[in-house]
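Overview (structure and organization)
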Amino acid sequence: MTQGSTATATGAAMRLGPQPGEVIDRNRTIEFRWNGRAYQAHPGDTIISALAAAGERVFSRSYKYHRPRGLLTADFLDPGCQLQVGDEPNVRAAHRLVEAGMDVRSQNTWPSLKFDVKAVNGLAGRFLATGFYYKTFIKPERLWPAYERVLRKFVHAGEVSPDTEHGYYDKRYAHPDVLVTGGGPAGMAAAVAAARAGARVLLVEEEHHLGGHLRWGDDTARAVRAELAEQVRSEPGIEVLTDSVVVGRYDDNWIGVMQRNLPHVVERLVKVRAKSLVVAPGLVERPYVFTGNDLPGVMLSTAARRLINLYAVKPGERAVVLSANPEGDAAVADLQRAGVEIAAVADARRGQRVVRARGRGGVQSVELADGSRIDCDLLVTAVGWTAPTSLLNMAGARPVYRPEVARFVPDPAHTPDGVLAVGGIAGDGTLDQLREHADAVGREAARRAAQLAHRLHGALPTRPRDAAPQPAPVTDPVPIPELPLAEHPELFFSTHGFVDFSEDVSSKDLVTAVKEGYDSVELVKRYTTATMGPAQGKLETVNTVAIVAAATGRSIAETGTTTWRPMYAPVTLGALAGRSFEPIRHSPMQPWHERHGATPLVAGQWIRPEHYGDPAAEVRTVRSGVGIIDVTPIGKLDLRGPDVAKLLNLLYVNKWSKLDIGRVRYGVMCADDGVVLDDGVTGRLGDDHYLMSTTSSGAATVWEWVENWLQTEHPDWQVHVTPVTTAYASINVAGPRSRELLGRLTEGVDLRPEAFGYMNVRTGTVAGVQDCVLWRIGFTGELSYEIHLPASYGLHVWERLIETGADLGVVPFGVEAQRILRLEKGHFIVGQDTDGLTQGYTAGLGSLIKLDKADFVGKPELAWQAERGGYPQLVGLLPVDGDVVPPEASQIITGGGHIAGRITSSRMSPTLGRAICLGQVDSGLAEAGTRVTVRLPDGRDVEAVITAHHAQVDPEGERQRV
Amino acid sequence: MSDADRSADGPTVTIARSPIAAPEPLVPHRGWEVSGRRSAAALTITDLTPLAKVAVRAPMDGAVQRALGAPFGRAARDGAPALDGTLVVGSGPGEWLVLAPVGTAGEVREQLAGIVTEAGEFGTVVDLTHGRALLRLRGEASADLLAKVCAVDLSDAVTPDGAAFRSSVANLVTDVVRDDAGGVRSYLLHCERSSGQYLAAALLDAGAEFGIDVDGFRDPGI
Amino acid sequence: MSSSNNGTGNRNGSRNGHRPLRRGRRYSAWSLLQHGLSGADWPVTFRSHPKRDSYDVVIVGGGVHGLATAYYLAANHGIRNVAVLEKSYIGSGGSGRNTAILRSNYLTPEGVRFYDRSVKLYEHLAAELNFNVMFSQRGHLTLAHNDASLRTMRWRTEVNKLQGVDSEVIGPDEVKKLVPYLDTSSTTRYPVLGALYHPPGGIIRHDAVVWGYARGADAHGVHIHQKTEVVGIDVEGGRVTGVRTDDGHRIATPVVVNCTAGWSTLISDMAGVSMPVQTFPLQAAVTEPVKPFLDTVIVSGTLHVYVSQTDRGELVFGASVDPFASYSTRGSLEFAEGVAGHVLELMPALSKMRLLRQWAGLCDMTPDYSPIMGPTPVGGFYVDVGWGTYGFKAGPVSGEAMADCIANERPPEIISAFGLDRFEAGRLVGEKGAAAVGH
Amino acid sequence: MMLLPCPWCGPRNASEFRYVGETGPRPDPTTATPEQWRRHLYFHANPRGWVRESWYHRAGCRRYFAAERHTATNEVRSSGGHS
Ligand SMILES: Cc1cc2nc3c(=O)[nH]c(=O)nc-3n(C[C@H](O)[C@H](O)[C@H](O)COP(=O)(O)OP(=O)(O)OC[C@H]3O[C@@H](n4cnc5c(N)ncnc54)[C@H](O)[C@@H]3O)c2cc1C
Ligand SMILES: NC(=O)c1ccc[n+]([C@@H]2O[C@H](COP(=O)([O-])OP(=O)(O)OC[C@H]3O[C@@H](n4cnc5c(N)ncnc54)[C@H](O)[C@@H]3O)[C@@H](O)[C@H]2O)c1
Ligand SMILES: Cc1cc2nc3c(=O)[nH]c(=O)nc-3n(C[C@H](O)[C@H](O)[C@H](O)COP(=O)(O)O)c2cc1C
Ligand SMILES: [Zn+2]
C-alpha cells in the first residue's frame, strides 16, 4: 500500500450501519494519520473509534514486556490507548476526538508497533519480576551509571519536544451553590433538582456529551437521557461544562475543574468554590484478572457497547462473553444486534469463569473453567464495578467495602456536610429509583448551600446594610431515600493475569511482593508500582487489594485501599500555570530610561536601570559634577499622628524623641532577635507628620512590621501609616554641582547651606511641581538632594533636570554606579553585607544602638551581644594588590583553610583607582591594620588589609556637608 | 508659573501622566495627558488615573464615617453635602477613599480635613492622587472578565452594585468597587500606581475573548 | 552504652565488613537468574516479630533516620536488641514522600562537612546494604535569577571548595548545555544569570533506601514493628524508662530515640521536652512519564521549585513548604498551579505534559534550617529531628552519628553544632540564608 | 484552599493572608532572662489540634487578627480582633 492511499487505508471494515445513539457525523469525513498512514474518520469519532472502525486492533506496546495492547475500556482510562499526537505525548486516544490532519503515532515502539524489538523483554519476564532492579546492578559500583542509562532507554512514554509552543491557557473562578460532578442520569437529575430549588449549579461532564451510560443504553435509556438533557438545558440556573473534568477537591470545597475544547484557549482551569459538591461519577467497570487478559480483543462490556452504540463500530466477529450482571447481558444483546457471532456466554452468576485467553497479537481462543476452549476474536467481560470514590476520599470521606456488592460504597456518616454522593457510586436500583434519589440529593445540596450562604453572607460587608435580610433558608433536611445495593458476586481473579495494565504488573507480582515481606497494600504499591500509572487506581485498585488480601489472608476491608489523591484526571502544566500573573513595577521615568538605552535590572518586582553604558564614568561624574538617579523604588511610609515619635523609638535602635521639624535622621531596625532588618532615613515634615524611607526590597516587609507593632502591641497609639512608595517619584541629585542644578528649578526653598543643611528636609516646588519633598541626604557621600515629587510629574521633572543641567554636564546614573558610590562611602546594604544572622553590633552599629532607651525591638538580644563580645564584624578592606577585585563571597581564611570571614561587597573604585571591599570577619581579625588572606574563586590567595573605616572615600564626611 | 518653567522657546507646562500607556490620540486634560480615543465596544476599559483620590482614616463606625456616608464595604455617591460629585468608598475598616473630578484634590482634601476636625476623632487625610492608578471596566461581560483574575464572588448576592472590597486581582492587591453606570455593569479598580500598567495589560489580555476595547478619558469620569 | 564498640566504622559504614545476610538471602544478578529459573520464592526482606517486653533502645519512627540509626547501632556498635516502632508502614512519613534529591553543597562549614559525609555513605550504600538504592549522581543545578542569589551561590561554592566538595558557579551558556530545555534567554521575567553546579548531587530511589536499611537492620536482629504507634513515654527521675504503644503494650527501655520528623514535637512532648520545631506540610507532585530529556536536578530558589526526571520518565516537582503550619497531608491546588507555572517559566516547552498526582508530607522546621540532634535534658531521651525539607539526604550520616552518640553517650564531633541547647544559648547555625528551597 | 473568615472582610481564600503563627506575649524586655527570651522567639506549642494563631489580611483589609484552627483538618473555629 502506498502512502496516502486513503481509500484502502480507511477500510472502515468494522463500521456498522447507522445506530440510534451514534455520535458520529456520517455526512462528513476527515482524514488523519496513524503511524504515517492516512486514515479516515467522521467528526465525533475518537481516534480509537476511527482506528477500530478501520479494523485496527493493536495500538500500543506494554510498559515492561512490550506486549501488544488494544482497546480495553474505550474511554479516557483505556491503558492501551495512550498515543502521541503531534508534539503532545500520552494522549488518551479513546477519549480525544479526531481532528483533520492529526498526526497520531504509537509510543515507544521500535522499529514499529508490529515488530517491536523490546518485546524480547517478554521472554525474559521471569527474570524481570517485580523489584528486580533492587536485586541487581549492585556490583561493581562503577558500572551502575551505565546500567542506569540503559534503564532510561526503556522508559515507556511519549515524547516532548523542545520546540513546543507555550499555547494560550487560562483560568477562571466560579462560585456555584452546587457543583455536580458527572452528567449521567444521576448528575443531571440532581442538577435540575438543585436548580429548581433556587441554587446556581455547575454541571461538569468528562465526556463530550451529557448522558453517562444512558448514551449506550436501549430506547428507554436514550429517551430518559433526552428528557433529562432537555430539563438541564431549559434550567437557567445550570451552567454545563462538557469535555471537562473535576480533577480535585481541596479544603472547604475548593475544586479544580479542567475545561477542554474551548474556542480561545487550549485548556482552562476553573477554580470553583462550591457550597455543595455532588459527586455523581457513576461506576467504572472493573477488568477481570486471568491469564491472557491483556490480549487485544479482550474488552469490557461497556467498551463493546460504546463502540457499537456511540461509534457504530463492530468490536469483533465472534465473541465469548463473561457476564456477571445485567450490563453483561445487555452487551450480549448489543453484540448480536451488531452482527457479532456469540460463540459462548459464560455466566459468572452460575459459577462459570474464564481462566485463559490465548492468541498471538490478539485473542484467538478462550478457555473456560470447565475446560472448554472456544475459538473467537473477542472476549467481553462484565464482572463488576469499581466505585470511583476518589473525590469523596479527597474530601475526607471513608467509603466502606461491602462484600455482598463487591465494591466500596460511600458512608454518609463519614462524609463532610458539603459533599453528597449520588447515582451509581451510591447504590443501584431502577432508573426511577435513581432519579428519585438524585432529586432528593439535588434538593438537599441546594438546601445546604443556601444555609451556608446565609451563614457566610452574615459576615459580608459588601451588601447594603439596609437591604432586606436574606430569606432564612429552609432548615429541614430533605429526606434522601436509600438506594438499594444489588448483590454482585466478588469476581476479582481466577488465574494469574495483569492487574495494572499500564504498569505491566501482574497478580503474580503482587503475590511475590507480599511473600517478600511487603505485606501491606501501601508497600505492595510502592514495590510493584501497581496503581501508580496513568489510571491512578481507577481500574486496578480493587483487584490489587483483593489479591493482596488473598495473599496475606486478610479481608479486603482490613486490607484497605491506597490513598486517592488529585489529579482525578491528569492536567496539563499549561492549564495549571494559566496566564502568568507576576506583577511588575515601573517608575514614572521608565519610558525615559528605555529611550536612553538603560540596561534593565530586575530587582524583585521592580525593573530599574542598572546603568546607561558606563557605570564607572557615571561614578566619576557624580564625584566631579552632578548626576541624577531614579530611586523611586525606595520604600516610603507616610506616618501621621501624635504618637509617631513613640513608634520610631520602638522600631529603630536609635533615639527619635528629639527630631525637629525639618530634620531627617538615619535609623536601623532590628528584629527581636537582634538581627538587622532594614535601614533608612525618616524626616519630620510637621508636628505630627513624618515620612519614613526604607530599603527598596524591604518596603513591603517594613510596612507590615510597623502595622504589626501598632495593631497588636500598641493599638492605643494614634498613628496612621500610609504606604506612599509610588505616590512619589524619587530622584537623587548628587554631586558637587547638585545645588547649582537644583537651584535653577526650585522655588520656595532656600538651598543655601546655612539655610538647608545636611540631614534636613524641606518641601517646595521643583520644575513647577508643588508639594515636593527635598531631603539633603545621600547614599553617595556627595552633596546631594533626594527629591520625592508627586509621581505623575516624575517624567516631567526628570526631563527638566536633564535639560536644565546640560551645561553642568548632568548625567543619569544607574544602580551599579550607586552601588560603587555607596561602597566607596562605606554604607552597608542590608541583606548583602548583612545576612539572616547578622546582629546589630556585627553590622558596626555600636554607636547607633542606644541601650539606655527603655525598650526597643531587639534590645535584649543586642544587649547580650554587646555583653558577650567576640562577634564577627563588618569591616572595610583594601586588597594589598589594588588591581585585584576579589569577587563578592570570596572567603577570608586563616591557616589551614579555616573560614574566618568573607567579602560581602567588592568593586574597583573609579575614584581611587583600586579595589575596595566590605567584609565580615571574625572578631580577632577586625582590628584596623590586620592583614587577612582572601581565597579567590580560582584558588589563588591574596592579602587584604582591614581599614579603620568602612568608607574609603571621604571617611570624615566633608563632601556631603558642604 | 515660575521663571524656571520658561525655556527659551516659551513656557513649559507641567504635565501629569498616568502610569498606563495611553492609546492615541493623546489629548491634554486639566494638566494631564489622557487618551482621547472613543470606543463603542460592549466591554471597555478606561484609565481614570487623573481623578483626584484622597484617603481618609478615622475610627470605624464613628462620626467621620457618619459624615462620609459609606461604611466599610460600600461605596456612596454624594455621601456628604460637602462632597458633591465624588464617590466615597468604604475601602477598609476605618478607611475611606474619596474619588473626585480631575484637579479637585486640594479642595477635597480641605473638605475632608474639615469633616475630620468637626468629628473630633483621631483622623487623617492623605492625597493619593499620584500614588495610585484607577481603571474602569464597563460592560455586561465585565464580571466574566473579572472572574478570570479575581477570586471574590461577583454575584449580586455577594457584591451588588455599590459593593467595595479589596482583594487580589491578577495577583495584585486592588480595591474593587462595583459601580454600575447607567444600568450597565461596571467596576472601578484601584491599585498602586507603579503596577497600573501591569494591571491594565492583564485586564486587556483577560478581556480579549470578550472583545474588550480601550475607551479614552471623558469628563468627569467618576 | 555498655555493648558499644568505639569508632565510626570503615569506608562503607559497617565495621569489619560484617555480612549478616546469609547465603541465599543476598541479591545479585546470579541469584536473580537462579530464582528466575527455579521460580523459588525470595526470602522475606524484613520480618515481623512479637514485641518484647524490653529493648536496649527503642527508636520511634520508621523512616530513613530511625531505620538507619537502628542499622548502625547494630552494624557498627553491636547493639542489636533494638526496636523500631512505626505507627503506619515503614517509609510512610517524609522518607516515602520526598523528592529524593541528594547533595552536599550547603552554606556553612558544619553543614557541608555533615552532608558530604552522607553523600559519601550513599555512594556505597547499595553495596553496603546489598540492595540497589539506585543513587543517580546526575548533577544538581541551582539557578540564580538575580544578583543576590548569584552572590549566595558564590558564597556556597567557596565554602564547598574549602571543604573539598565539588561545586562551581557556571554561566547561562553552560547551563543551557546541561539542560537544553531551559529557556536561558535574557528576556524572560526571571532570566537565568548563572547556576551553582554540583556534580555529585542527584536523586535516589527513596523507598529502596528505607527498605534497604530495614532489611539490613532486620538481618542484624533489629525488630521492626509496623502499625505500632507510640502514645506515651514514661520518665522517672529525669530518665526515660519505657514507651507505651496504641495496642496497649508497655515496652521498658533506657533509651528512646525520637526520629519522627513532622510529628517530633508530639513525641518530645510525651517526654516533657519542648523543642523549637514547627510542623509544615511540604508538597510534591509527579507528571506522567515522557521519554528522558532532563539529565540533572534543577532547583530555582527564586521561583520556589525543583524538578528532576526519574528513571521511569516522570518529572518530580517540589517547592517550598506550605505557607502555614499544619499536619494536613492533603495538598493544595495552589501548589500544583504554582509549581506548573514556575516549571514553565523555566522550560516553556513542557506545557503539554500533564500532572498525574500530588501529595504532601510533614516537615519539622527549625528556626535556623538545621537539625536538632543528640541528647536532651531527659536522660536517655535522644532526638534526631528538625529535618525540615532536607533530611532525606542526611539519613545515613544521621544514623551513623546517632548510633555513635547513643553507644558512646556523647555527641560525636560531626553533629556537635546541632544540639538542642543552641537555641536557648543563642548559637544558631547559619544555614537559613541558603536553605530556603534548598533540596 | 482553606477559607479564612476575616473578621472584617468575611470569608476569603487563605492565599490572601500572611500566616503569622502562634504568638505569645512578648516577655518584659527589662527582666527576661536570655532563656525566656529565646523561648519566646523560637519555641511553639505546635499541637496537632486546635491552635490560636495570628494572620494578616495582606490582600484585603490589612488587619492582624487571631483565629483558632485545627491543624489536622484546617477547620477554623472562631476569629476575633487582633491577637
Ligand atoms: C514532599 C517532600 C519533599 C522532600 N524532598 C527532600 C529532598 O529532595 N531531599 C531531602 O534530603 N529531603 C527531602 N525532604 C525531607 C525528608 O523527606 C525528611 O526530612 C526525611 O524523610 C525525614 O526522615 P525521618 O526518618 O526523620 O522521618 P520520616 O520519614 O517522616 O519518619 C518518621 C516516622 O515516624 C512515624 N511516627 C510518627 N509518630 C509516631 C508515633 N507516635 N509512633 C510511631 N511512629 C510514629 C511516622 O509514621 C513516620 O513514618 C522532603 C520532604 C517532603 C515532605
Ligand atoms: N455505566 C453503566 O453502564 C452502568 C453500569 C452499572 C450501573 N449503572 C447504573 O446507572 C446508574 C448510574 O448512573 P450515574 O449517573 O450515577 O452514572 P453514569 O455512569 O451514567 O454517569 C456518570 C458520568 O460522570 C462522568 N464523570 C465521572 N467522573 C467525572 C469527573 N471527575 N468529572 C467530570 N465527569 C465525571 C462520567 O463521564 C459519566 O458520564 C446507576 O443506577 C447504576 O447502577 C450503569
Ligand atoms: C519520588 C517519587 C516519585 C513518585 N512517582 C509516582 C508515580 O509515578 N505515580 C504515582 O502514582 N505516584 C508517585 N509517587 C507518589 C506516591 O504515589 C504517593 O502519593 C506518595 O508516596 C505519598 O503517599 P500517599 O499518597 O499514599 O499519602 C511518587 C512519590 C515519590 C516520592
Ligand atoms: Zn480582611
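Structure first, text after, so check above.
Residues numbered from 1 in each chain as written. Chains lettered and ligands numbered in written order. Predicted model: local features only at pLDDT ≥ 70, side-chain atom pairs only at ≥ 80, totals over all residues. Heavy atoms only, no water.

Brief notes about the site of ligand 2
All names here are of chain A.
- Around ligand 2, the structure places 26 residues, and the nearest of them are Glu205, His213, Val246, Trp385 and Gly424.
- Between ligand 2 and the protein, one listed contact pairs a nitrogen atom with a backbone N or O atom of Glu206 at 3.0 Å.
- In this structure, Gly424 approaches ligand 2 through a main-chain N or O atom, which is 2.7 Å from an oxygen atom.
- Surface burial for ligand 2 is 93%, taken as the share of its 830 Å² of free accessible area covered by protein chains.
- Where the shell around ligand 2 is concerned, the elements lending two or more residues are helix H6 (185-196) and strand E12 (244-250).
- Among the elements that line the shell around ligand 2, the one with the most residues is E12, at 3 residues. (Near = heavy atom within 4 Å. Polar contact = N/O pair within 3.5 Å; in protein donor to acceptor, adjacent residues only side chain to side chain. Areas by Shrake-Rupley, 256 points an atom, 1.4 Å probe, with all protein chains shown as cover. Helix = DSSP H or I, 4+ residues; strand = E, 2+ residues; numbered from the N terminus.)

Overview of the arrangement of the chains
- Once contacts are tallied for each of the 5 pairs of chains in contact, the highest total is for chains A and C.
- The closest approach of any C-alpha atom in chain B to one in chain C is 12 Å; the two make no contact. (Contact = heavy atoms within 4.5 Å.)

Side note on the interface of chain D and chain B
- Between chain D and chain B, the contact holds 11 residues from the first and 12 residues from the second.
- Of the roughly 890 Å² buried between chain D and chain B, counting both surfaces, carbon and sulfur atoms make up 54%.
- If you look at where chain D meets chain B, you find 0 salt bridges.
- Inspection of the region where chain D meets chain B yields 5 residue pairs in polar contact (both at pLDDT 80 or more).
- Each residue belonging to the side of chain D that touches chain B can be placed in one class, and the counts come to 4 nonpolar, 2 polar and 5 charged. (Buried area = accessible area lost by both parts, 1.4 Å probe. Salt bridge = Lys/Arg side-chain N within 4 Å of Asp/Glu carboxyl O. Nonpolar A, V, L, I, M, F, W, Y, C, P; charged D, E, K, R; others polar.)

Let's talk about helix H6 (residues 147-162) of chain C
- With 16 residues, H6 of chain C extends 23 Å from end C-alpha to end C-alpha; this agrees with the ideal 22 Å at 1.5 Å per step.
- Just downstream of H6 of chain C, Gly164 of chain C is the residue with a positive phi angle, here 80°. (Expected span 1.5 Å × (residues − 1).)

A look at the site of ligand 1
Residue and element names in this part refer to chain C.
- Around ligand 1, the structure places 39 residues, and the nearest of them are Glu86, Gly94, Ser95, Thr99 and Lys393.
- Within the contact set of ligand 1, an oxygen atom lies 2.7 Å away from a side-chain nitrogen or oxygen of Thr99.
- Note that a nitrogen atom of ligand 1 is positioned 3.3 Å from one of the backbone N or O atoms of Thr389.
- Starting from 1,000 Å² of accessible surface for ligand 1 in isolation, the protein chains cover 99%.
- Secondary structure elements with two or more residues in the shell around ligand 1: helix H2 (64-77), helix H3 (94-97), strand E13 (278-287) and strand E17 (354-365).
- Looking at the shell around ligand 1 residue by residue, the classes come out as 16 nonpolar, 18 polar and 5 charged.
- Each of two domains, domain 1 (44-131 + 206-276 + 368-435) and domain 2 (140-201 + 279-365), supplies a minimum of three residues to the shell around ligand 1. (Domains from an automatic or database assignment.)

Here we look at the coordination of the zinc ion (ligand 4)
Residues and elements named next belong to chain D.
- All of the protein donors around the zinc ion (ligand 4) are Cys6 (SG), Cys9 (SG), His57 (ND1) and Cys61 (SG); their distances to the metal are 2.0 to 2.4 Å.
- For the zinc ion (ligand 4), the 4 donor atoms in the first shell make angles of 104 to 116° at the metal, a pattern classed as tetrahedral.
- Summarised as a motif, the one-chain spacing of the donors to the zinc ion (ligand 4) is C-x2-C-x47-H-x3-C. Note that Cys6 is positioned in strand E1 (residues 3-6) and Cys61 in the loop between strand E4 (50-56) and strand E5 (64-70), a separation of 55 residues in sequence. (Donors = N, O, S within 2.8 Å, 3.2 Å for Na, K, Ca; no water. Tetrahedral: all angles 85-135°; square planar, octahedral: opposite > 155°, others 65-115°.)

Points about the interface of chain C and chain A
- Contacts between chain C and chain A engage 90 residues on the former and 98 residues on the latter.
- Across the contact surface, chain C and chain A share 13 salt bridges.
- Between Lys271 of chain A and Glu337 of chain C there is a salt bridge, with its nearest N and O atoms 2.7 Å apart.
- Taken together, the connections running from chain C to chain A amount to 49 residue pairs in polar contact (both at pLDDT 80 or more).
- Of all the secondary-structure elements, those providing two or more residues to the side of chain C that touches chain A are helix H1 (29-38), helix H4 (109-123), helix H5 (125-129), H6, helix H8 (206-219), helix H10 (333-346) and E17 of chain C.
- Tallying contributions element by element places H10 of chain C first for the side of chain C that touches chain A, with 10 residues.

Purely geometric numbers; function is a separate question.
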